[in-house]
Amino acid sequence: GHVRDLPKSQLGIDVENDYEPKYITIRGKGDILAKLRKEVKKADTIYLATDPDREGEAISWHLVKALKLDEAKDKKVYRISFNEITKNAVKTSLKSPREIDMDLVDAQQTRRILDRMVGYSISPLLWAKVKRGLSAGRVQSVALRMICDREEEIDAFIPEEYWNLEADLKPEGNKKALNAKFYGDKNGKQ
């Protein structure tokens, strides 16, 4: 899983510096990172095999950063991925190692930054109006906005009398009926 994240106690994003995220080691992951650092010292080649999605790609990237593998000139670091944990799948993935896909990492970071920025703006409102401890992300915020906009439309509605009348008229001697329609208010305004 993730070993680094934005700090919980603050926004963790430098909005003055291109929205650069400020990552910290997740509480409880320090021991795992320490063990990994020891193992990395013994290895010439490191294969990162996290989940084959943007979260997995980001986890691999965070491991590279947390273990300072990007600074290690004597180590080769590869990303491998597979969709099943079988001998054949693992062997096949080892035959085609690749670089970390930074487009996927950037997509995950963008999602995380948006969640944080929106959540930090909206969550205090939820605490005040609904329940302490709730948090809102980018999806909940849009839904909340739609509900609030609709509520404002309902509150601003001023009822006006308006009629839609429709009649089928059949003058004497005609076989075919004439459809007549009226749209307007009680004064005849349309």
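Data block above holds the structure.
The structure displayed is predicted, hence computed values, not measured ones.

Rules used throughout
Residues numbered from 1 in each chain as written. Predicted model: local features only at pLDDT ≥ 70, side-chain atom pairs only at ≥ 80, totals over all residues. Heavy atoms only, no water. Phe/Tyr/Trp six-rings, centres within 6.5 Å; stacked < 30°, edge-to-face > 60°. Helix = DSSP H or I, 4+ residues; strand = E, 2+ residues; numbered from the N terminus. Buried < 20%, exposed > 50% of the residue type's maximum accessible area, 1.4 Å probe, protein only. Pairing = 2+ DSSP bridges. Right-handed = clockwise from strand over helix to strand, strands pointing away.

A. Fine view of the packing of aromatic side chains. One pass over the structure, following the stated rule, counts 2 aromatic pairs. Measuring from centroid to centroid gives 5.7 Å for Tyr-47 and Tyr-78, while their planes differ by 25°, and the two rings are stacked. You can see Tyr-47 sitting in strand E5 (residues 45-48) and its partner Tyr-78 sitting in strand E6 (residues 76-79), a full 31 residues away along the chain. Look at Tyr-47 and you get partly exposed, because its relative accessible area is 39%. What makes Tyr-78 partly exposed here is its relative accessible area of 26%.

B. Quick look at the pairing of E6. Two elements, E5 and E6, share 4 bridges in a ladder whose sense is parallel. Bridged to Leu-48 within E6 is Arg-79. Assessed by its sense of winding, the connection that carries the chain from E5 through helix H2 (residues 54-66) to E6 is right-handed.

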